[in-house]
Amino acid sequence: MLKIDFQKYFDGNDVLYYDSKYIITILEKMYKNNLTKIKEKVSNAKVIVSEEQN
C-alpha cells in the first residue's frame, strides 16, 4: 500500500482538528482531481479483501 507523507501539509503542532475544507483541499491537490471524481473512483474501485488462514 502506498504510504503518503501528510506531514508536509500540516504545521506539525499536533493540532487535533482541521477543518474538513482544508482536508478536502489537501486530497484534491494530492490526487490532482476534485472530490467528486475522487469519490467516484473509490466507489467504482473493485477492492477484494481476503483472509488467508495459516
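Scroll up for the structure.
Within any chain, residue numbers begin from 1 and follow the written order of that chain's sequence. Since the coordinates come from a predicted model, pLDDT governs what is reported: local features require at least 70, and pairs of side-chain atoms require 80 or more to be given and counted, while whole-chain, interface and lining totals use all residues. The side-chain values count all of the structure's non-hydrogen atoms but skip hydrogen atoms and water molecules.

Which residues make up the overall build of the protein chain, and what values do they have?
Helix and strand definitions here come from DSSP, where helices need a minimum of 4 consecutive H or I residues and strands a minimum of 2 consecutive E residues; each element is numbered from the N-terminal end. Scanning the protein chain from terminus to terminus reveals two helices and zero strands. Computed over the C-alpha atoms, the radius of gyration of the protein chain is 15 Å, more than 25% above the 10 Å expected from 2.2 N^0.38 for a compact globule of 54 residues. Each residue is assigned to one of three classes by its accessible area relative to the maximum for its type, calculated with a 1.4 Å probe on protein chains only: buried under 20%, partly exposed between the two thresholds, exposed over 50%. A buried classification covers 6% of the 54 residues belonging to the protein chain. Of the side-chain charges in the protein chain, 9 are positive and 8 negative, and the distance between the mean point of each set is 10 Å. Radius of gyration: over C-alpha atoms. The globule rule applied is 2.2 Å multiplied by the number of residues raised to the 0.38 power. His is not counted here, nor are the chain ends, while Lys and Arg score as positive and Asp and Glu score as negative. To locate a charge, the coordinates of NZ of Lys, CZ of Arg, CG of Asp or CD of Glu are taken.

A description of unusual backbone geometry should follow, citing residues and the corresponding values.
Of note, K32 is a non-glycine position whose phi angle comes to about 50°, a positive value. Classification of K32 as exposed rests on a relative accessible area of 73%.

Run through the environment of I48, naming residues and quoting values.
Tracing the sequence through the fold places I48 in the segment after α2 (35–44). For I48, a relative accessible area of 78% corresponds to the exposed category. The spatial distance from the C-alpha of I48 to the C-alpha of L27 is 24 Å, given a sequence separation of 21 residues.

Got a sec to walk through helix α1 (residues 20–31)? Specific residues and values, please.
Expected helix span is given by 1.5 Å per residue-to-residue step, counting one fewer step than there are residues. With twelve residues, α1 extends 16 Å between its outermost C-alpha atoms, agreeing within 8% with the 16 Å of an ideal straight helix rising 1.5 Å per residue. For α1, the N-terminal cap is D19; the gap from its side-chain oxygen to the backbone nitrogen of K21 is 3.0 Å. One or two steps after α1, the chain reaches K32, where phi turns positive at roughly 50°. In protein, a polar contact requires one atom able to donate a hydrogen and another able to accept it; more generally it is a pair of N or O atoms within 3.5 Å, and residues adjacent in sequence count only if both atoms are side-chain atoms.

Requested: an account of the environment of K46, with residues and values cited.
Looking at where K46 falls in the secondary structure, it is placed in the segment after α2. Accessibility expressed as a relative area gives 80% for K46, which makes it exposed. Sequence-wise, K46 and V15 are 31 residues apart; in three dimensions their C-alpha atoms are separated by 34 Å.

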